[in-house]
Amino acid sequence: MRVLKNIVFFTLLGLLCLPLMQQVFKPFEETPLSGAYNLPDTVPLTLNNWASGQFQEKYSPFYEYDMGFRPSFVRLRNQLYYWTYHKSTNYISVGEGDQLYAWNYWAPYWGLDLVPDDSVAARVNGVVLLKEKLDSVGIPLLVVIGANKVRYMPEYLPEDLQQKERLPNNYRNYVPALVQAGIKVVDFNEVFSGLKPEVGKAMFPNTGTHWSAYGMGMCLDSIISFTDRRRGGEIHNLSVNGFVRRDSILDSDIDLSNDLNLWYPIDRQQNLFPNIEVTKNGRKAKLFVIGDSFYWNLYQLDAFYEVVDSSSHYWYYNNTDIAFDGTRHPVEEYDAVKLTVESDAVILLATEANLHLFPFEFPKEFLQKLAGNKKK
């Protein structure tokens, strides 16, 4: 009996020491958790830091974050929570039929990040002033509103979120204001709504928040067609001729299911992929796009590289330039006025989750830069 007790004791002791061994020696390879996880800062171990308690205060969260097998423990906890409550432990809402929704797309649908009317008017006026300056040098401006999965199919939301759209909200305020001000707007919430009777829920992947490849193709079609018309047929043409249904293969299709951090990921349902025809009757379009990740999604389409020139620029939230190869640079390294004049079109792209940031301060900064250049 004593031998058995010793075996049990040392076995339990060994199991308790395993996380420490993993943290120090890392004998087992673990897949990192998906999502934004930043390693907490620490301070050097000194006599003063130890005596003041600053070292202990900083090291404690660092140790918890860096603990051995932490990703596995987090996934285990999340999996048990999902099996028990059919819910996530973070910003993701699990709807009927394993439709996943991001909270930051439901909140604006319900008007929780409402921008005051006077601010909307001021920002729209900034876009108008930007358009006037671009018109004076022959550069067209297009505003694209990406589709919101919550708005497109609220019927699959969890029961506690199945509430009617609450007014006012930014989407209902911005789009009419932009149109009335003479800004060309392509609203994919409206476009998707018209397609819903035909395609149903497949316009969005069940495991992601971004649009399907078919939606991406339609967006690319709209941008290229707009640019080509304004450039008199100088650039390659592109058209989306229907769609096919097949298994999801795009990375953006699983952005939400990845962030659930489960042991057993949710199955992807079939999605829509565009039939794209490219007519090479000119040159590639040189675009200058300021917007969110819905434009970045277009980088996943092979046709994108056939019609968009690699010298184009995409400013993610107007703070980071992301090249075709994923290289990133601060936008301060570039001259926005020079890039604009060299482009075939300027595109402002936003979705409902970030309309409270629209137009990302770009018109204001552009006009200030333009005024500064004239003074030189």
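Refer to the structure above for everything that follows.
So, a few notes on the structure that sits alongside this text. Owing to the predicted nature of the structure, the values given are computational and were not obtained by experimental measurement. (Residues numbered from 1 in each chain as written. Predicted model: local features only at pLDDT ≥ 70, side-chain atom pairs only at ≥ 80, totals over all residues. Heavy atoms only, no water.)

1. Describing the overall build of the protein
Okay, so step 1: Helix and strand content of the protein: 15 helices and 11 strands.
Okay, so step 2: Burial statistics for the protein: of 376 residues in total, 47% are counted as buried.
Okay, so step 3: Put simply, 74% of the contacts in the protein that link residues at least 6 apart link residues at least 24 apart.
Okay, so step 4: Accessible surface, the protein: about 19,400 Å² in total, of which carbon and sulfur atoms supply 55%. (Helix = DSSP H or I, 4+ residues; strand = E, 2+ residues; numbered from the N terminus. Buried < 20%, exposed > 50% of the residue type's maximum accessible area, 1.4 Å probe, protein only. Contact = heavy atoms within 4.5 Å. Areas by Shrake-Rupley, 256 points an atom, 1.4 Å probe, with all protein chains shown as cover.)

2. Quick look at empty space enclosed by the protein
Okay, so step 1: Counted by the stated rule, this structure contains 1 cavity of 30 Å³ or more.
Okay, so step 2: Volume-wise, the largest cavity comes out at about 40 Å³.
Okay, so step 3: What lines the largest cavity is simply Tyr295, Tyr299, Ser312, His313, Tyr314, Asp321, Ile322, Ala323 and Phe324.
Okay, so step 4: Looking at the lining of the largest cavity, the elements with two or more residues in it are strand E8 (313–316) and strand E9 (320–322).
Okay, so step 5: Broken down by class, the residue content of the lining of the largest cavity amounts to 6 nonpolar, 2 polar and 1 charged. (1 Å grid on protein atoms, 1.4 Å probe; cavity = no way out; pocket = protein on both sides within 12 Å on 5 of 7 lines; lining within 4 Å. Points joined across faces, edges and corners; volume = space filled by probe spheres on them. Nonpolar A, V, L, I, M, F, W, Y, C, P; charged D, E, K, R; others polar.)

3. Here we look at a nonpolar patch on the surface
Okay, so step 1: A surface patch of nonpolar side chains, about 600 Å² in accessible area, is lined by Leu76, Leu80, Trp83, Trp263 and Tyr264.
Okay, so step 2: Considering the arrangement of structural elements, one finds Leu76 in helix H4 (residues 70–85).
Okay, so step 3: According to the relative accessible area criterion, Leu76 is partly exposed, its value standing at 42%. (Patch = residues over 30% accessible without salt bridge, like charges linked within 9 Å, V, L, I, M, F, W, Y side chains within 5 Å. Salt bridge = Lys/Arg side-chain N within 4 Å of Asp/Glu carboxyl O.)

4. Let's talk about the packing of aromatic side chains
Okay, so step 1: As enumerated under the stated definition, the model contains 33 aromatic pairs in all.
Okay, so step 2: Ring centres of Tyr316 and Tyr317 lie 4.8 Å apart, and the angle between their planes is 85 degrees; this geometry places the pair in the edge-to-face category.
Okay, so step 3: On the numbers, 6.3 Å between centres and 75 degrees between planes, the contact of Phe358 with Phe360 is edge-to-face.
Okay, so step 4: Using a relative accessible area of 5% as the deciding quantity, one classes Phe360 as buried. (Phe/Tyr/Trp six-rings, centres within 6.5 Å; stacked < 30°, edge-to-face > 60°.)

5. Brief notes about the environment of Asn318
Okay, so step 1: Along the chain, Asn318 falls in the loop between E8 and E9.
Okay, so step 2: A residue is classified by how much of its surface remains accessible, and Asn318, at 6% relative accessible area, is buried.
Okay, so step 3: As for Asn318 and Phe362, which are separated by 44 residues in sequence, their C-alpha atoms are 6.6 Å apart.
Okay, so step 4: Polar side-chain contacts of Asn318 include one of 2.9 Å to the backbone oxygen of Phe360. (Polar contact = N/O pair within 3.5 Å; in protein donor to acceptor, adjacent residues only side chain to side chain.)

6. A few points about the side chain of Asn78
Okay, so step 1: Looking at the element boundaries, Asn78 is found in helix H4.
Okay, so step 2: At 3.3 Å, the side chain of Asn78 and the backbone oxygen of Asn261 are in polar contact.
Okay, so step 3: In contact with Asn78, not counting residues within four places along its chain, are Thr89, Leu260, Asn261 and Leu262.

7. Structural notes on the pairing of E8
Okay, so step 1: Pairing of strand E7 (residues 287–291) with E8, which is carried by 4 bridges, proceeds in the parallel orientation. In the sheet register, Val289 faces E8, and the bridge partner there is Tyr314.
Okay, so step 2: Of the pairings in the sheet, the one linking E8 to E9 comprises 2 bridges and is antiparallel in character. Bridge pairing in E9 places Trp315 opposite Asp321.
Okay, so step 3: Here E8 folds back onto E9 in antiparallel fashion, the turn holding 3 residues, of which Tyr317 has a positive phi close to 55 degrees. (Pairing = 2+ DSSP bridges.)

8. A look at the sheet that holds E8
Okay, so step 1: The 7 strands lie next to each other as E4-E3-E11-E7-E8-E9-E10, forming an open sheet whose pairing is mixed. On the outer flanks of this sheet lie strand E4 (185–187) and strand E10 (328–330), each paired with one strand and no other. Shown here is a sheet whose adjacent strand axes are inclined to one another by a mean of 20 degrees, direction ignored.
Okay, so step 2: Sitting on the sheet, helix H6 (residues 117–136) touches strand E3 (141–145) and strand E11 (345–350), and the angle it makes with E3 is about 140 degrees. (Axes fitted to C-alpha atoms, helices over the stretch in contact; angles between N-to-C directions.)

9. Some points on the environment of Ile290
Okay, so step 1: Relative to the assigned elements, Ile290 resides in strand E7.
Okay, so step 2: Using a relative accessible area of 0% as the deciding quantity, one classes Ile290 as buried.
Okay, so step 3: Sequence separation between Ile290 and Tyr316 is 26 residues, and the spatial gap between their C-alpha atoms is 6.1 Å.
Okay, so step 4: Discounting chain neighbours no more than four positions away, the residues touching Ile290 are Trp315, Asn318, Val346, Ile347, Leu348, Leu349, Phe360 and Phe362.

10. A short note on the side chain of Lys149
Okay, so step 1: Here Lys149 lies in helix H7 (residues 149–152).
Okay, so step 2: Of the side chains with opposite charge, Asp255 lies nearest to the buried Lys149, which makes no salt bridge, at 7.4 Å.
Okay, so step 3: Of note is the side chain of Lys149, whose polar atom sits 3.4 Å from the backbone oxygen of Asn206.
Okay, so step 4: Apart from the residues within four sequence positions on either side, Lys149 is in contact with Gln99, Leu100, Tyr101, Phe204, Pro205, Asn206, Thr207, Gly208 and Thr209. (Lys, Arg positive; Asp, Glu negative; His and termini not counted.)

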